[in-house]
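Letter by letter, the chains look like this.
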Amino acid sequence: MSTTPEAVARIAIDAALERAGWAVQDRAALNLYAARGVAVREFSLPGHGEADYLLFADGDPVGAVEAKPVGHTLTGVEIQSAKYGAGLPPELDAPVRPLPFLYETTGVETQFTNRLDPDPRSRRLFAFHRPETLAAWVAAVAPTPPQNGRLAAEERPPYDLRPTFRGRLRAMPPLNPTGLWPAQRQAVENLERSLAADRPRALIQMATGSGKTFTAISSIYRLIKFGGAERVLFLVDRANLGKQALREFQGYVTPDDGRKFTELYNVQRLTSNTIDPVSKVVITTIQRLYAMLQGEAEFDPAADETSLFDAPPLPREPLPVAYNPDLPIEFFDVIFTDECHRSIYNLWRQVLEYFDASLVGLTATPSTQTLGFFKQNLVMEYGHEQAVADGVNVDFDVYQIRTRITEGGSVVEADYWVDRRDRATRARRLERLDDDFAYAAKDLDRAVVAEDQIRTVVRTFKEKLFTEIFPGRNEVPKTLIFAKDDSHADDIVQIVREEFGRGNEFAQKITYRTTGVSPEQLIKEFRTDYYPRIAVTVDMIATGTDIKPLEIVMFLRSVKSPNFFEQMKGRGVRVINDTDFQVVTPGGHAKTHFVLIDCVGVTEQEFHDAQTLERQKHVPLKRLLEAVALNRVDPDLVSSLAARLARLDRRLDPAARATLAETAPGHPLPALVAGLVAALDSDAQLAAARTAAGLPPDAEPPPDALALATKRLLREAVKPLAANPALRQAILDAQRRADQTIDTVSQDDLLHAGFSQDARDRAGALVASWETFIAEHKDELTALEILYGQPYAARLRFADLKALARAIQTPPRAWTADALWRAYETLDQGKVRGSAGTQLTNLVALVRYALRQDDELVPYPEQVATRYAAWLAQQEAGGRRFTPDQRRWLNLIRDHVAASLRIDPTDFDYAPFAQEGGLGRVHQLFGDDLDGLLAELNEVLVA
């Protein structure tokens, strides 16, 4: 058998075709009835050479494959493939000429051109399409063949009008904008333009809370209805978000049909590894999808609940993917990835690239890796600042709580008693300290729990809540606290209940370990019910989960990844209408902003996406040690083992350390860890491979030599463990004894509580820009021109305020009245009352305060109410009395002036006056005095 590169490639190509359902035949043994798809080797095309493979689907020639040896570049082969496509003998009955489906392949790399597409362009494929797929594509477009068997160039059908998926993308009807925010409409239109231009990857960046999922569903609906997409995959970060996405599909009302999405198309959220063939949309995690490609019949539900944002990195190499005939590459037409971690675009990327599908990413926080994967094709960029200006997000302030133990740890002196808590069972026992016990800040809530540290933070939060954080409130805003782990969350919940003096329903833990009531039910109650007011979680609500009434996000854990931090912070940005907000928080008027309470310095640290050492987080230490004993030494296993042993070493007491030293003389635990880490070093592995192969220091060793040298290094590093069963058992015994120390002795001290200096700096810069804007535009904007002068009552109109609001919201400013108000509150807290909310007339108060015409910044409706009360008292003192009905109408007039700057007779034709009898009723009540009364109120209340 020939072993030329061409022959080796042909073996791989034959196998690839057969895996995709093609029967591979020599021309001499031609049998087009052998299978639905037949690939005939070395098919002669007179005048055009010999096609390496001619493809027949349902007995008809539909395509050709040009084979090249491994390493051959394929772009330059396209001309040769095109010749084969055009050189079909006239005696062959072909449904479409030239042949529409052309492949070039080396057996390692494959590319494909669909000549039925508009502007046909080659694209890389993981494998060949199945015969039935090509047959269906041909059946949808095949014209009546010409008599002579060939089509002249001028006779070719207009391919851009043929009903292929990419062709239909160019003929999409205009978008119906019903129900879409402007940013959502722009995102859908930009995405469709990108897809129509046959750009295979597109990234949509929209701020958290700006409706990315709704935008995606709007696009998916059009891609299915008008683009003819057969099936769309919607990937989510974890199963809980899949449930949320399914609810959004179920609630989506189609703008042109009026029915729900799920009334028209089947949407399946995978809870097993079987896809319903009638499903138009499939929702799942990439973890489950990978398991399905691997042919696994079952999948651990716990793995579906692990967020990739906070999961340990996977192996350094991308996950291996093999062809699965149950999930052919053409199974999905479009794949949407919703808020998935950057790792899916490197370590998981082969799962995405397996499918011959357009890829659309949805994110609020694109990383460099993500942008690179999507080929820098950012079709929509909509940041938090613009979303705030558009009223799609609310802004936030940072409030810091710093304590002595949080920042520096503590020392418990010898002879004091401390609690030791078993981490697994949480059982406690008392122990008297023989020596001083010192711990650092990084040990908190892992090896050590300092109860007074948690208590000091919570107590400070409670004391400052209604005076500084949300001044004027009298009920706890919906608050989400991020804890380090489930045990830490338990401690926080108990202390929150104690400090606030409230019961179980007031504060709840929402983690995957919550039992009795499902975490989903608790999330629903947190979202829509009065209780709980405070929820404590680890990462279950960290990404994607929609809790619109949330007003406080508190960090009692640190976060290293900037993207994960932005996701966690983003839980607070979502807007909610006043009515829904007041159902959940009756004491609040409106959600105008949220407060990020930083208790661990998370807003001041430098973020990085460093690789953690541990890569098999959910594998018990016992199993890792058993694997080592069996001589398994893959890098992931050894890396995880090193991480576990290093963590254990930090928690060992002197007695356990002495026991380990006796069990393995000369191999203390720190030295074992150092040896494992050294063996994992890529430079050390390269050096060992070069030495073994006799290569110079800068030479690149062969892959086989590098793999062998790596295995030898790792085996040598684990040998003290593999060869010593007693040491392995001693390590497990020590792990069981590695308790948490409960420090009930140390008293914590509050170092600082207040809005961050960064918040003050930002507030100062915003106020300065605002006051400069007023000075520079006083002659251009009518509202500013009038407010510069006194009095303004008779001249200022509501339309003038609208123009001012539009001017300050226009980029690059993107300001809102509420953001300006809170900036003044941060700088001049003693002089600022209430909030701007959404009341446009509060711009009057802001301008007057900026111009130093008012000493205090008070909401405009409050100013009107104060003037109204004074006017009423003056009327009564002068002997003028009003009936109860007249007083009720005067109160309505007061509220209207507070919201609209003035009252005119025509206003009585609208709500709320119309419901009370309108202009006729007010004339009955006030008679001929009405005109004078309105003029008087316009002057008095607005002055």
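Above this note sits the structure.
The rules behind these values
- Residues numbered from 1 in each chain as written.
- Predicted model: local features only at pLDDT ≥ 70, side-chain atom pairs only at ≥ 80, totals over all residues.
- Heavy atoms only, no water.
- Helix = DSSP H or I, 4+ residues; strand = E, 2+ residues; numbered from the N terminus.
- Contact = heavy atoms within 4.5 Å.
- Areas by Shrake-Rupley, 256 points an atom, 1.4 Å probe, with all protein chains shown as cover.
- Pairing = 2+ DSSP bridges.
- Axes fitted to C-alpha atoms, helices over the stretch in contact; angles between N-to-C directions.
- Core = buried A, V, L, I, M, F, W, Y, C linked by side-chain atoms within 4.5 Å.
- Buried < 20%, exposed > 50% of the residue type's maximum accessible area, 1.4 Å probe, protein only.
- Salt bridge = Lys/Arg side-chain N within 4 Å of Asp/Glu carboxyl O.
- Polar contact = N/O pair within 3.5 Å; in protein donor to acceptor, adjacent residues only side chain to side chain.
- Phe/Tyr/Trp six-rings, centres within 6.5 Å; stacked < 30°, edge-to-face > 60°.
- Lys NZ or Arg CZ within 6 Å of the ring centre and 35° of its normal.
- Parallel < 35°, antiparallel > 145°, perpendicular 65-115°, else oblique.
- Left-handed = near helix turned anticlockwise from the far one by under 90°.
- Nonpolar A, V, L, I, M, F, W, Y, C, P; charged D, E, K, R; others polar.

Peer 1: When you look at the overall build of the protein in this model, what are you seeing that I'm missing?
Peer 2: On a plain count of helices and strands, the protein comes out with 35 helices and 27 strands. Across the protein, contacts joining residues at least 24 apart in sequence account for 70% of those joining residues at least 6 apart. Accessible surface computed for the protein: about 41300 Å², of which carbon and sulfur atoms make up 50%.

Peer 1: Quick question: what am I supposed to make of the sheet that holds strand S20 (residues 448-450) here?
Peer 2: For sheets, the rule is that strands pair by backbone hydrogen bonds, running either parallel or antiparallel. Taken in spatial order, the four strands of this open sheet run S18-S17-S26-S20, and their pairing is mixed. With partners counted over all chains shown, the strands left at the sheet margins are strand S18 (428-432) and S20, one partner each. The mean angle between the axes of side-by-side strands here comes to 30°, regardless of whether they run parallel or antiparallel. Pairing between S20 and strand S26 (residues 740-743): three bridges, direction parallel. Bridged to Val449 within S26 is Ile742. The sheet contacts of helix H15 (residues 451-469) involve S18, S20 and S26, and relative to S20 the element is tilted by about 45°.

Peer 1: How should I be thinking about the nonpolar core in this particular structure?
Peer 2: Buried together is how nonpolar side chains tend to be arranged in soluble globular proteins. The biggest cluster of nonpolar side chains holds 58 residues, and the ones touching the most others in it are Trp770, Phe773, Leu804, Tyr824, Leu846 and Phe926. At seven residues, the largest contribution of residues to this core is made by helix H31 (residues 842-850). Those residues within four positions of Phe926 in sequence are excluded, and the remaining contacts are Phe882, Gln886, Trp889, Leu890 and Leu933. If you look at the next biggest cluster of nonpolar residues, it comprises 55 residues, including Phe101, Leu270, Tyr323 and Val351.

Peer 1: Explain the pattern of salt bridges here, please?
Peer 2: Pairs may arise between side chains of opposite charge once their charged atoms sit close together. Scanning the model with the defined rule gives 45 salt bridges in all. Arg41 serves as the salt-bridge partner of Asp14, at 2.9 Å between the closest nitrogen and oxygen. With a gap of 27 residues between them, Asp14 in helix H1 (residues 5-19) and Arg41 in strand S2 (residues 37-45) connect regions that are remote in the sequence. Judged by its relative accessible area of 13%, Asp14 is buried. For Asp490, the salt bridge is made with Lys509, and the minimal N-O distance between the two is 3.0 Å. Note that Asp490 is positioned in helix H16 (residues 486-500) and Lys509 in strand S22 (residues 507-509), a separation of 19 residues in sequence. Owing to a relative accessible area of 15%, Lys509 belongs among the buried residues under this scheme. Taken together, the salt bridges that share partners define one network made up of Asp395, Asp397, Asp818 and Arg822.

Peer 1: I keep staring at the sheet that holds strand S8 (residues 201-206) and nothing clicks. Help me out?
Peer 2: An order of S10-S11-S9-S12-S13-S8-S14 is seen for the seven strands of this open sheet, with the pairing classed as parallel. Both outer strands of the open sheet, strand S10 (267-269) and strand S14 (378-382), are each paired with one neighbouring strand and no more. The average undirected angle you get between the axes of adjacent strands in this sheet is 15°. Where S8 and S14 come together, four bridges link them in parallel fashion. Bridge assignment links Leu203 to a residue of S14, and that residue is Leu378. On top of the sheet, helix H6 (residues 212-225) reaches S8, strand S9 (232-236), strand S11 (281-285), strand S12 (334-338) and strand S13 (358-363); it is set at about 175° to S12, its chief contact.

Peer 1: Would you explain the side chain of Ser210 in this entry?
Peer 2: With respect to the helices and strands, Ser210 occurs in the loop between S8 and H6. Of note is the side chain of Ser210, whose polar atom sits 2.5 Å from the backbone oxygen of Ala207. For Ser210, the contacting residues outside a window of four places in its chain are Trp181, Gln184, Tyr382, Val392 and Asn393.

Peer 1: Where do I start with helix H30 (residues 817-827) in this structure?
Peer 2: Residues spaced three or four apart along an α-helix point in a common direction, a consequence of the helix completing one turn every 3.6 residues. Burial analysis of H30 places ten of its eleven residues in the buried class, which makes it a mostly covered element. Every buried residue of H30 is accounted for by Ala817, Asp818, Ala819, Leu820, Trp821, Arg822, Ala823, Tyr824, Glu825 and Thr826. Those residues of H30 hidden inside the fold are in contact with strand S15 (395-403), strand S25 (593-598), strand S27 (750-755), helix H27 (757-777), helix H29 (798-809) and H31.

Peer 1: What exactly am I supposed to notice about the pairing of S25 here?
Peer 2: Within a regular strand, the side chains alternate between the two sheet faces. Within S25, six of the six residues are buried, which leaves it mostly tucked inside the rest of the structure. Here six bridges tie S15 to S25, and the two strands are oriented parallel to one another. The residue bridging Asp395 from the neighbouring strand is His593, located in S25. By the bridge criterion, four bridges tie strand S24 (residues 552-555) to S25 in an arrangement that is parallel. Within the sheet, the bridge partner assigned to Val553 lies in S25 and is Leu596.

Peer 1: Please explain the pairing of strand S4 (residues 60-67) as it appears in this structure.
Peer 2: Buried residues dominate S4, accounting for seven of its eight residues. Direction of pairing for strand S3 (residues 49-57) relative to S4: antiparallel, over a ladder of five bridges. Residue Tyr53 lies in a different strand from S4, and its bridge partner there is Val65. The loop that links S3 with its antiparallel partner S4 comprises two residues; one of these, Asp58, has a positive phi angle of about 55°. Judged from the five bridges that link them, S4 and strand S5 (residues 101-105) form a sheet pairing that is parallel. From the neighbouring strand, Glu66 faces S5, where its bridge partner is Glu104.

Peer 1: In this structure, what is going on with the environment of Ala898? I would like to understand it.
Peer 2: With respect to the helices and strands, the residue Ala898 is situated in helix H33 (residues 884-900). Exposure remark for Ala898: the relative accessible area of 6% places this residue in the buried category. The sequence separation of Ala898 and Val864 amounts to 34 residues, and the corresponding C-alpha distance is 5.9 Å. Apart from the residues within four sequence positions on either side, Ala898 is in contact with Gln839, Thr841, Tyr860, Pro861 and Val864.

Peer 1: Before we go on, may I ask you to explain the packing of aromatic side chains in this structure?
Peer 2: Two measures describe an aromatic ring pair: the distance that separates the ring centres and the angle between the ring planes. The final tally for this structure, using the stated rule, is 36 aromatic pairs. Between Tyr221 and Tyr252, the ring centres sit 6.4 Å apart and the planes meet at 50°, which makes this aromatic pair tilted. Taken together, the residues Tyr221 in helix H6 and Tyr252 in the loop between helix H7 (239-251) and helix H8 (261-264) connect sequence positions 31 residues apart. Since its relative accessible area comes to 2%, Tyr221 is described here as buried. Grouped by ring-pair contacts, the aromatic residues Phe214, Tyr221, Phe234, Phe249, Tyr252, Phe261 and Tyr265 constitute a single cluster. Looking at Arg762, its charged tip hangs above the ring of Phe396, at a distance of 5.5 Å from the centre.

Peer 1: I tried to follow the packing of helix H24 (residues 682-693) against helix H25 (residues 703-722) on my own but got confused; where do I start?
Peer 2: For any two helices packed against each other, one specifies the crossing angle of their axes together with the interaxial distance. It is at 8 Å that the axes of H24 and H25 come closest, and there the two elements cross at 115°. The angle between H24 and H25 falls in the class roughly perpendicular. At the point where H24 passes H25, the crossing takes the right-handed sense. Contacts between H24 and H25 involve Ala684, Gln685, Leu686, Ala688, Ala689 and Ala692 from the first element and Ala705, Leu706, Ala709, Thr710, Arg712 and Leu713 from the second. Considering only residue class, the contact of H24 with H25 consists of nine nonpolar, two polar and one charged.

Peer 1: What am I meant to see in the side chain of Ser279 here?
Peer 2: Along the chain, Ser279 falls in the loop between S10 and S11. Owing to a relative accessible area of 3%, Ser279 belongs among the buried residues under this scheme. What Ser279 contacts, discounting residues up to four positions off in sequence, is Glu230, Arg231, Asn266 and Gln268.

Peer 1: I keep staring at the packing of H29 against H31 and nothing clicks. Help me out?
Peer 2: For the pair H29 and H31, the least separation of the axes is 10 Å and the interaxial angle reads 70°. In terms of their interaxial angle, H29 and H31 are classed as roughly perpendicular. Contact residues: Leu801, Leu804, Ala805 and Ile808 in H29; Leu843, Val844 and Val847 in H31. When the residues that make up the contact of H29 with H31 are grouped by side-chain class, the tally is seven nonpolar, no polar and no charged.

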